[in-house]
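So the chains spell out like this:
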Amino acid sequence: MGRLITLDEFIIKRQKDFPYASGELTALLRDIGLAAKLINREVNRAGLVNIIGLADTQNVSGDEVQKLDLYANERMIDFLGNSGECCGIASEELESFVSLPDIESKQAKYVVVIDPLDGSSNIDVNVSVGTIFGIYRRISPTGTPVTLEDFLQPGNKLVAAGYVTYGTSTILVYTTGNGVNGFTLDPSVGEFFLSHRNIRIPNKAKYYSVNQGYYLKFDLPMRRYIDHCNALNLKLRYIGTMVSDIHRILFQGGVFLYPNTTDYPSGKLRLLYECNPMAFIVEQCGGKATTSTGERILDIPVHALHQRSSIVCGSPFMVDEIKSFLELYQEEA
Ligand code: AHG
Ligand code: MN
Ligand code: MN
């Protein structure tokens, strides 16, 4: 085996694959990797330093905010603000976007959307959590403050997306539209090393991932699809952290579902910083990602920062199969 390749080395080598290769995106991805290391450190010692538990506040989506949500949000903003390559950030934890000033006369071209800590209700019980990010080129002219329109771009305009899973090991997975690669953090040296090259999702598998407790709140086609999974004795795996549930599916195959429910008629997950980045990654691995009514996630118009969407994603055979259930049972619903 040759020498291990670090995340930084890999990003620099791949810079030429990127259509606007200029080193700016490279610097941004490196900043995100650095923030992830700090978040990882805090997640790992969360039980020791009084940062588990609620922060006694709710975010704009009405979710209870954990102290680690706020810590992760602040670290991401600090690091993205540092290099001067990012001109604005939209986050699950912020009602509006943040506009970052130009640094050292650099005119930043990129905006970043983040779910700083995904699955935060799992922190207190030592179950894996994640970070999701998506990177867009701004639409407004450089050198001016960012605008809402810079963020309200459909997922098909993403130039890069990724996630970090803080699990039994910490893994950063990203794509710039030329396949997907994963890097595992070696905590003894504090570096991410290339560990999962060119991830490809299996066409079908024996796993499905959904909060089946909401079965009675799903539309008829989804209920029928879940009945089908049960009839086939598929294995149900649901962590309650989207990043971790989809991470499993990228390697082992299967389908992740968060359909619309009677409580959340448009779905619960957020389009901009949860569904779109994860859908880009799933597609880049050879998978598919649609809403629970069959539209491609990446083509959905984005009208608001915290817009919700349903999602069905994973192995292509299984996503197509769900589409056939939609067609079959839609009229009856
Ligand atoms: P977040 O912690 O960023 O608010 O996201 C939680 C999300 C997602 O990770 C997970 O798939 C889903 O909420 C779980 O929701 P349910 O508890 O309704 O199943
Ligand atoms: Mn989330
Ligand atoms: Mn979150």
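Before reading on, note that the structure itself is shown above.
Parameters and conventions
Residues numbered from 1 in each chain as written. Chains lettered and ligands numbered in written order. Predicted model: local features only at pLDDT ≥ 70, side-chain atom pairs only at ≥ 80, totals over all residues. Heavy atoms only, no water. Donors = N, O, S within 2.8 Å, 3.2 Å for Na, K, Ca; no water. Near = heavy atom within 4 Å. Polar contact = N/O pair within 3.5 Å; in protein donor to acceptor, adjacent residues only side chain to side chain. Areas by Shrake-Rupley, 256 points an atom, 1.4 Å probe, with all protein chains shown as cover. Helix = DSSP H or I, 4+ residues; strand = E, 2+ residues; numbered from the N terminus. Nonpolar A, V, L, I, M, F, W, Y, C, P; charged D, E, K, R; others polar. Domains from an automatic or database assignment. Buried < 20%, exposed > 50% of the residue type's maximum accessible area, 1.4 Å probe, protein only. Pairing = 2+ DSSP bridges. Contact = heavy atoms within 4.5 Å. Axes fitted to C-alpha atoms, helices over the stretch in contact; angles between N-to-C directions.

Peer 1: I would appreciate a short explanation of the coordination of the manganese ion (ligand 2) in the present structure.
Peer 2: For the manganese ion (ligand 2), the protein coordination sphere consists of Asp115 (OD), Asp118 (OD) and Glu274 (OE), at 1.9 to 2.1 Å. Each donor residue of the manganese ion (ligand 2) belongs to the same chain, and together they define the spacing D-x2-D-x155-E. Between the manganese ion (ligand 2) and the manganese ion (ligand 3) the interatomic distance comes to 3.7 Å, and aspartate 115 is a ligand of both metals.

Peer 1: What is the right way to read the site of ligand 1 from this model?
Peer 2: Near ligand 1 lie 19 residues; those nearest to it are Asp118, Gly119, Tyr214, Tyr238 and Tyr258. Take aspartate 118: an N or O atom from its side chain is 2.7 Å from an oxygen atom of ligand 1. One of the backbone nitrogen or oxygen atoms of serine 120 is found 2.9 Å away from an oxygen atom of ligand 1. Coverage of ligand 1 by the protein chains reaches 87% of its 470 Å² of free accessible surface. Contributing elements (two or more residues each) for the shell around ligand 1: strand S5 (110–118), strand S13 (255–258) and strand S14 (269–270). Per element, the largest residue contribution to the shell around ligand 1 is three residues, and it comes from S5. By residue class, the composition of the shell around ligand 1 is seven nonpolar, five polar and seven charged. When residues of the shell around ligand 1 are assigned to domains, at least three map to each of domain 1 (7–196) and domain 2 (207–332).

Peer 1: What exactly am I supposed to notice about the pairing of strand S8 (residues 170–175) here?
Peer 2: Remark: a regular strand shows side chains that alternate across the two faces of the sheet. By the criterion of burial, S8 is predominantly enclosed, with six of the six residues buried. Side chains of S8 alternate between two faces, with Thr170, Leu172 and Tyr174 and Ile171, Val173 and Thr175 buried alike. Pairing between strand S7 (residues 160–166) and S8: six bridges, direction antiparallel. Along S8, the bridge assignment pairs alanine 161 with threonine 175. With antiparallel pairing between neighbouring strands as the criterion, S7 and S8 make up a hairpin whose turn holds three residues. Turn length for the S8-strand S9 (residues 180–186) hairpin, with the two strands adjacent in sequence and antiparallel, is four residues, and the turn residue glycine 177 shows positive phi of about 95°.

Peer 1: Which parts of the structure should I look at to understand the sheet that holds strand S6 (residues 129–137)?
Peer 2: In sheet architecture, strand pairing relies on hydrogen bonds along the backbone and comes in two forms, parallel and antiparallel. Overall, mixed pairing links the eight strands, which are arranged S4-S3-S5-S6-S7-S8-S9-S10 in an open sheet. One side of each edge strand has no neighbouring strand; the edge strands of this open sheet are strand S4 (98–99) and strand S10 (191–196). Pairing analysis gives five bridges linking strand S3 (residues 86–91) to S5, with the strands arranged parallel. Within S5, the residue paired with alanine 90 across the bridge is valine 113. Along the sheet face, helix H6 (residues 242–252) touches S5, S6, S7, S8 and S10 and points at about 105° away from the line of S7.

Shape is all these values report; function is a separate question.
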